[in-house]
Amino acid sequence: IYPAVSSIVAATTEEIADDTYWLTYWSCYGCLFLIMDVLEKLIGWIPGFYTLVIFSTIYLMLPMFQGSDKVFRTIL
């Protein structure tokens, strides 16, 4: 819920930096979701797989880590 609400708030403000941050987040989250969907069929039975996915999502989401920006700039 936090990313959706923050994206709506960012879209209504005049600042461009927050728009860029949340667009970057949604791009990274979409790629994570696609990768998780494929890996779930292969290694979803391994304990800790979903915990890793949750922590990855939190890393991408929280502004204090700037995870989505790091992932977008280095990997995507």
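Here the structure is a predicted model, which is why all the values come from computation and not from measurement.

Colleague: Honestly, the overall build of the chain in this entry has me stumped. Any pointers?
Modeller: For the chain, the helix and strand inventory stands at four helices and zero strands. The helix and strand sequence of the chain, counted from the amino end, reads α-α-α-α. Taken along the three principal axes of its C-alpha coordinates, the chain extends 45 × 25 × 20 Å. Looking at the chain residue by residue over its 76 residues, the buried ones come to 26%. If you take every contact in the chain between residues at least 6 apart in sequence, the share linking residues at least 24 apart comes to 51%. Accessible area of the chain: about 5,500 Å², with a carbon and sulfur share of 74%.

Colleague: How should the UniProt feature "transmembrane region" (unreviewed entry) in the chain be read in this particular structure?
Modeller: The UniProt record annotates "transmembrane region" (unreviewed entry) at residues 42-62. Helix makes up 71% of residues 42-62 and strand makes up 0%, while its end C-alpha atoms are separated by 28 Å.

Colleague: What exactly am I supposed to notice about the packing of aromatic side chains here?
Modeller: In this description, an aromatic ring pair is defined by two values, namely the gap between the centres and the angle between the planes. All chains considered together, the criterion is met by eight aromatic pairs. Look at Tyr25 and Tyr29: their rings are 5.8 Å apart centre to centre, the planes differ by 20°, and that puts the pair in the stacked class. Residue Tyr25 and its partner Tyr29 are located together in helix H2 (residues 17-43), separated by four residues, close to a single helical turn. According to the relative accessible area criterion, Tyr25 is buried, its value standing at 2%. What makes Tyr29 partly exposed here is its relative accessible area of 30%.

Colleague: What's the story with the side chain of Thr57 in this structure? I'm lost.
Modeller: In this structure, Thr57 sits in helix H3 (residues 49-61). Polar side-chain contacts of Thr57 include one of 2.9 Å to the backbone oxygen of Val53. In contact with Thr57, other than residues within four places in its own chain, are Tyr25, Tyr29 and Leu32.

Colleague: How do you make sense of the nonpolar core when you look at a structure like this?
Modeller: Proteins that are soluble and globular tend to have nonpolar side chains buried together. Ala10, Tyr21, Trp22, Tyr25, Cys28, Leu32, Leu60 and Met61 together form the largest nonpolar core, which totals eight residues. Listed by contribution, the elements that provide at least two residues to this core are H2 and H3. The element best represented in this core is H2, accounting for five residues. Those residues in contact with Cys28 that sit more than four places away from it in its chain are Leu60, Ser68, Val71, Phe72 and Leu76.

Colleague: Explanation requested: the pattern of salt bridges in the structure shown.
Modeller: Proximity of charged atoms lets side chains of opposite charge pair with each other. What the rule picks out here adds up to one salt bridge. One salt bridge in this structure joins Arg73 and Asp69, with 3.2 Å as the shortest N-O distance. Here the residue Arg73 and the residue Asp69 both occupy positions in helix H4 (residues 67-74), the gap between them amounting to four residues, near one helical turn. Here Arg73 falls in the exposed class, since its relative accessible area comes to 56%.

Calculation rules
Residues numbered from 1 in each chain as written. Predicted model: local features only at pLDDT ≥ 70, side-chain atom pairs only at ≥ 80, totals over all residues. Heavy atoms only, no water. Helix = DSSP H or I, 4+ residues; strand = E, 2+ residues; numbered from the N terminus. Buried < 20%, exposed > 50% of the residue type's maximum accessible area, 1.4 Å probe, protein only. Contact = heavy atoms within 4.5 Å. Areas by Shrake-Rupley, 256 points an atom, 1.4 Å probe, with all protein chains shown as cover. UniProt positions renumbered as here; feature names shortened; annotations may be inferred. Phe/Tyr/Trp six-rings, centres within 6.5 Å; stacked < 30°, edge-to-face > 60°. Polar contact = N/O pair within 3.5 Å; in protein donor to acceptor, adjacent residues only side chain to side chain. Core = buried A, V, L, I, M, F, W, Y, C linked by side-chain atoms within 4.5 Å. Salt bridge = Lys/Arg side-chain N within 4 Å of Asp/Glu carboxyl O.

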